Amino acid sequence: MPIKAKTKNKTKNAVTFTLDGKSVEAPTGATILEAAGHNGVHIPTLCYHPKLKPMSSCRVCSVEVEGVDAPVMSCVTPAVDGMNVTSKSPALDKFRADMIRFILVNHPLDCPVCERSGECLLQDSTYDFGITGHEWKTDGHIKEPVVDWGLIRYDVNLCIMCERCVSICREVQGITAYKIDGSGNGARINTVTGKPLDCDFCGQCIAVCPVGALASGIIFTGRSWEVEKFETICPHCGVGCSYNLDVKKGMVARVTSDESIGHNNGNLCSRGRFGYEFIQSSERILTPLVKEGSRYVKTDWDTTLALVARKLAGIKMNHGGSSIIGIGSEVSTNEDAYLMQKFFREVLGSANIDNMSNILAPEFCSRLFENFDGVNCVSSFDELSNGDIFVYIGFDGSNENPVMSNHVRKAIMDNGAEVAVAFSKKAFFLPPPKVRLVYDYPKLYKFVIALLKEILGSTPDSPDLPESVNSIEIDAEWRHNFENACGGIVKEIGPDLGSGIADLAAAIKKKSKPFYIIGQEVQRHPQAAAITVQIANLAKLTGGRIVVLREYCNTQGVNDMGVASGALPGYKKDGAAKRNEGRNAIDILLGGMAKAMVVMEEDVLARHPERATIKDAMGELDFTVVIDSFFTDTCEEADVILPACVAAEKTGTFTNVEGRVQSLNPAVERVGVSRSPWEIFTELENNMGNEFSYGSSDEVFGEIAGSVQPYGNALATAFADYGGLAGGSPVLTWAEPEPIIKPVEDALMALPDRSLFALGVNIKHCPSLRRLDPASYAAFGPADAKKFGISEDDDVEFSDARGKWKAAVRIDEGVATGTVRIPQEMESATLNKITVNGKALDCVTPSGLGKGR
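Residues numbered from 1 in each chain as written. Predicted model: local features only at pLDDT ≥ 70, side-chain atom pairs only at ≥ 80, totals over all residues. Heavy atoms only, no water.

A. Geometry of the overall build of the protein. Each helix and strand in the protein was counted, giving 28 helices and 34 strands. Residue burial in the protein is summarised as follows: out of 853 residues, 60% are buried. For the protein, the accessible surface area stands at approximately 33800 Å², while carbon and sulfur atoms represent 49% of it. (Helix = DSSP H or I, 4+ residues; strand = E, 2+ residues; numbered from the N terminus. Buried < 20%, exposed > 50% of the residue type's maximum accessible area, 1.4 Å probe, protein only. Areas by Shrake-Rupley, 256 points an atom, 1.4 Å probe, with all protein chains shown as cover.)

Structure (structure tokens):
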């Protein structure tokens, strides 16, 4: 396929030159290689990659330019007016073939045993130029074994030193994990430290390697011609990357990326590239299971569904439908979520359904568009790539979501954009942010207010702000409340942070397209609603936009579909839920008002901080049904377990952080007799005397399109104007938060550490990824480690109602004093006590902040 010209340096002007005897035009600033591609002329390349700056190391793309004695590299030579270029000639063929021969001097011709055979650019080029063997030799070349770098393998024998891996790691990932060691025949790729690779293991280096030098640590047992590629959507985080599942003999053999599909431009994170082993895990649930005594017995679908229908109908009759609660899933499809809420509302007569994004972030997810009061909070990645300053609030830089950060990094490279990171820990981002701020977690709301104050200056009207926001109305009540809130605020947050806020405000004022990226720490904060209102005010005052980082692949969609307390599909108000206003399904469970529970693809006990209390409450229920792919902690409390198929096995749609609705494409057969949840709810509805007749996920989506705006535009690119709430210049709004009660003196705030190698149940069943991330640890800042006499040789003992267990100690200079960070997979461990060296340390979690001590 011809290489297309890059657009980042183009202007409306064009150059005219001669290419192979024809007069052609190309955008000003295009290289000869890009200009040729622009005009449909193919020039062979080897080291060039369209996502990267030209390396000019292979010389295969060289062309003849009139007036120049030797061939010139087309990838770095600009096309200029009047130039006469020849891209094809016998002399060029010989020159290019010689360049390939030079590369082959130290490259073994063992293609039959190389796993990249059939998709190797060097192999293709060798064939294209008719090279049949080594014509030149080098003395003293010693072969070295393959280096094992965890999920990456490197074979120096196959390396052609094209530098693609070095470039993509630096330019796209911002990691700089690789360097070139040595020169000439002794040159090789190495880690920058010279030690085993320690990076985010995105696998971008594997994707761009043109040969077999860099390969997956999950050994690929196939050849390119043996696999069938299925384009689909990553089932992990909310970015919703497109990728290919490569299938051999009915099994997923690997994941590959493709720059030509999806919004992610071929970029993937470690979860996307290596997190596929769960699909064919031996731990998948294969058949329906019914508890008999203390064990589970395999049954068939008809028997099990009849049992579930009979039990739920009886509970509805005896206790009312509202006694049945439901927990939906952030990894189920839109179709699954829609039919779950329909089953509850129309068949069971219960509005008591919710999902963990709401339960863990009350008043945020299902009320997203209310909190932002007219500010665009759903933005496309194309818009993101055009931003000029990105302010991360409560977001752990690129560690929390690397592919979104790839879009931000592109804006840095292309537009000179800047980044500011505000987090409760020293957050990681490369290139280094313009401003890096570490706030005190309980004072996050005051931090945002202080930034607002600095943006506005001494009065709420500032001449430094963009013209586009001069018309915003600031009413007297808002002015009064704002001025009251700002009194002494710099003193409260500390002078050092105040100075950093001044730097951040100054940086924002110099830009015209700010983006405020809101992470999980904001969304789960006890004052989340009030904080987001003020971030919305920031966006209004600076002409900015907001991006809400969604954690899972369908966190956006499950809320859009109405699996939420008090909200129907499309965020319409659910009148039937008013009697439980402000209470979610877990509150109802803990209040003793529930008799039955249905859980769809969610491990409530693993994710909720009140694990022990919920477990006890579930033990008091009359009946519990769990739909899942794996036997989770929550399954242990179930009376019936129904096997669910995974994303790679079904059709349906996910909605990502942009509001982009994307289709799944089944790549493998379903394991056992597993089903999609929408099919299960359809059968249950029919078993309970209703006449629901959905024959496919497309039919369910058709109903969604008719009732949920803007899903009527099926598979829309994005919906920035969701629900007609965006646009205009609304007045500033005010939200006074409930006060946070300060922890007792010397108490540590237990906050989650987020990992690239862990996210939800599916990743737990990807052993290759899990080896990269220890299951449990406690990270202390140096000051607290010294204060409490803690070293990395110690173990931490955790204790709660379940008992005691140990984890390793980490000393991390990024951890703020007064906090301890634990992996998000341990968030269910509500830490009342941490014991180190026999000394008990008092702790408080965010969920306990507003409850007193």
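B. Highlighting the packing of aromatic side chains. Counted under the stated rule, the structure contains 13 aromatic pairs. With 5.7 Å between their ring centres and 0° between their planes, Trp-149 and Tyr-154 make a pair best called stacked. Note on Tyr-154: relative accessible area 1%, which makes it buried. Trp-149 gets classed as buried once you look at its relative accessible area, which sits at 5%. Arg-254 extends its terminal NZ or CZ atom over the ring of Phe-220, reaching a point 4.0 Å from the ring centre. Above the face of the Phe-692 ring, Lys-342 is positioned so that its terminal group lies 4.6 Å from the ring centre. (Phe/Tyr/Trp six-rings, centres within 6.5 Å; stacked < 30°, edge-to-face > 60°. Lys NZ or Arg CZ within 6 Å of the ring centre and 35° of its normal.)

C. Local environment of unusual backbone geometry. A cis amide bond, omega 0°, links Leu-430 with the succeeding residue Pro-431. Positive phi values are uncommon outside glycine, yet Ser-56 reaches one of about 50°. Assessed through its relative accessible area of 25%, Ser-56 is described here as partly exposed. Non-glycine residue Arg-59 carries a positive phi angle of around 65°. Along the chain, Arg-59 turns up in the loop between α1 (32–38) and β3 (62–65).

D. Representation of the pattern of salt bridges in the model. Enumeration over the complete set of coordinates arrives at 33 salt bridges. In this structure, Lys-88 engages Asp-20 in a salt bridge whose closest nitrogen and oxygen atoms are separated by 3.9 Å. Remark: Asp-20 occurs in the loop between β1 (14–19) and β2 (22–27) and Lys-88 occurs in the loop between β5 (84–86) and α2 (90–104); sequence separation between them is 68 residues. For Asp-20, a relative accessible area of 30% gives the class partly exposed. Between Asp-753 and Arg-821 there is a salt bridge whose closest N-O contact spans 3.6 Å. With Asp-753 in strand β28 (residues 748–753) and Arg-821 in strand β32 (residues 819–823), this pair connects stretches of sequence that are 68 residues apart. Here the salt bridges share partners, and the residues they tie into one network are Glu-330, Glu-400, Arg-524, Glu-551, Glu-602, Arg-607 and Arg-754. (Salt bridge = Lys/Arg side-chain N within 4 Å of Asp/Glu carboxyl O.)

E. Structural detail: helix α8 (residues 334–348). Compared with an ideal rise of 1.5 Å per residue, which puts 15 residues at 21 Å, α8 spans 20 Å between its outermost C-alpha atoms and is within 8% of the ideal. Here α8 lies mainly inside the structure; 14 of its 15 residues are buried. One or two residues past the end of α8 sits Gly-349, with phi positive at roughly 70°. (Expected span 1.5 Å × (residues − 1).)

F. Spatial organisation of the sheet that holds strand β22 (residues 545–548). Overall, parallel pairing links the five strands, which are arranged β20-β19-β18-β21-β22 in an open sheet. The strands lining the two open edges of the sheet, one partner per strand, are β20 (435–438) and β22. Sheet twist, expressed as the mean angle between neighbouring strand axes with direction ignored, is 15°. On the sheet, helix α13 (residues 402–415) packs against β18 (389–393), β19 (418–423), β21 (514–518) and β22 and is oriented at approximately 150° with respect to β18. Relative to the sheet, helix α19 (residues 528–542) contacts β18, β21 and β22, its axis offset from that of β21 by approximately 170°. (Pairing = 2+ DSSP bridges. Axes fitted to C-alpha atoms, helices over the stretch in contact; angles between N-to-C directions. Contact = heavy atoms within 4.5 Å.)

G. Highlighting the nonpolar core. Core analysis: the largest hydrophobic core is formed by 146 residues, its most contacted members being Ile-152, Tyr-178 and Phe-390. Broken down by element, the residue count for this core peaks at 10 residues, all from helix α14 (residues 444–456). Filtering out sequence-adjacent residues up to four positions away, Tyr-178 remains in contact with Trp-149, Ile-152, Cys-165, Val-166, Cys-169, Ile-189, Asn-190, Thr-191, Val-192, Leu-197, Cys-205 and Leu-214. Counting 43 residues, the second-largest nonpolar core is a separate cluster that includes Val-308, Ile-324, Phe-343 and Val-700. (Core = buried A, V, L, I, M, F, W, Y, C linked by side-chain atoms within 4.5 Å.)

H. A look at the pairing of strand β12 (residues 242–248). In terms of burial, β12 is largely enclosed, as seven of its seven residues are buried. Residues Ser-242, Asn-244, Asp-246 and Lys-248 point to one face of β12 and Tyr-243, Leu-245 and Val-247 to the other, with burial holding for every one of them. Taken together, the five bridges between β12 and strand β13 (residues 251–256) define a ladder with antiparallel strand orientation. By the bridge assignment for β13, Leu-245 is matched with Val-255. Count of turn residues in the β12/β13 antiparallel hairpin: two residues, of which Lys-249 carries a positive phi of about 50°.

I. Representation of the packing of α14 against helix α15 (residues 476–486) within the structure. Taken N-terminus to C-terminus, the directions of α14 and α15 make an angle of 115°; their axes are 10 Å apart at the nearest point. Classed by the angle they form, the pair α14 and α15 counts as roughly perpendicular. Crossing geometry of α14 relative to α15 is assigned as left-handed. Between α14, through Ile-449, Leu-452, Lys-453 and Leu-456, and α15, the contact on the second element is made entirely by Trp-478, Phe-482, Ala-485 and Cys-486. Along the lines of polarity and charge, the residues of the contact of α14 with α15 split into seven nonpolar, no polar and one charged. (Parallel < 35°, antiparallel > 145°, perpendicular 65-115°, else oblique. Left-handed = near helix turned anticlockwise from the far one by under 90°. Nonpolar A, V, L, I, M, F, W, Y, C, P; charged D, E, K, R; others polar.)

J. Molecular detail of the sheet that holds strand β15 (residues 295–298). Spatially, the seven strands line up as an open sheet ordered β15-β14-β25-β24-β23-β16-β17, and their pairing is mixed. In this open sheet, the two edge strands, each paired with only one partner strand, are β15 and β17 (353–355). Neighbouring strand axes in the sheet, compared pairwise and without regard to direction, differ in orientation by 20° on average. Direction of pairing for strand β14 (residues 289–292) relative to strand β25 (residues 640–643): antiparallel, over a ladder of two bridges. Counted as the bridge partner of Leu-289 is Ile-641 from β25. Lying on the sheet, α8 is in contact with β16 (324–328), β17 and β23 (596–600); it crosses β16 at an angle near 170°.

K. Structural view of the environment of Gly-212. Relative to the assigned elements, Gly-212 resides in the loop between α5 (204–208) and β10 (214–216). C-alpha of Gly-212 to C-alpha of Cys-114: the two residues are 98 residues apart in sequence and 6.8 Å apart in space. Aside from chain neighbours lying at most four places away, what touches Gly-212 is Cys-114, Arg-116 and Leu-158.

L. How the structure looks around helix α17 (residues 495–509). Its 15 residues give α17 an end-to-end C-alpha distance of 21 Å, which sits within 8% of 21 Å, the value for a rise of 1.5 Å per residue. For α17, the complete set of buried residues consists of Leu-497, Gly-498, Gly-500, Ile-501, Leu-504, Ala-505, Ala-507 and Ile-508.

M. The packing of α14 against α19, seen in detail. At a minimum axis separation of 9 Å, α14 and α19 run at an interaxial angle of 15°. Judged by the angle between their axes, α14 and α19 are roughly parallel. The two elements α14 and α19 cross, and the hand of that crossing is left-handed. In this structure, α14 uses Leu-444, Tyr-445, Val-448, Ile-449, Leu-451, Leu-452, Ile-455 and Leu-456 to contact α19, whose residues at the interface are Ala-530, Ile-531, Gln-534, Ile-535, Asn-537, Leu-538, Leu-541 and Thr-542.

N. Representation of the side chain of Asn-157. By the element assignment, Asn-157 lies in the loop between β7 (152–154) and α4 (164–171). Relative accessible area serves as the criterion here: at 9%, Asn-157 is assigned to the buried category.

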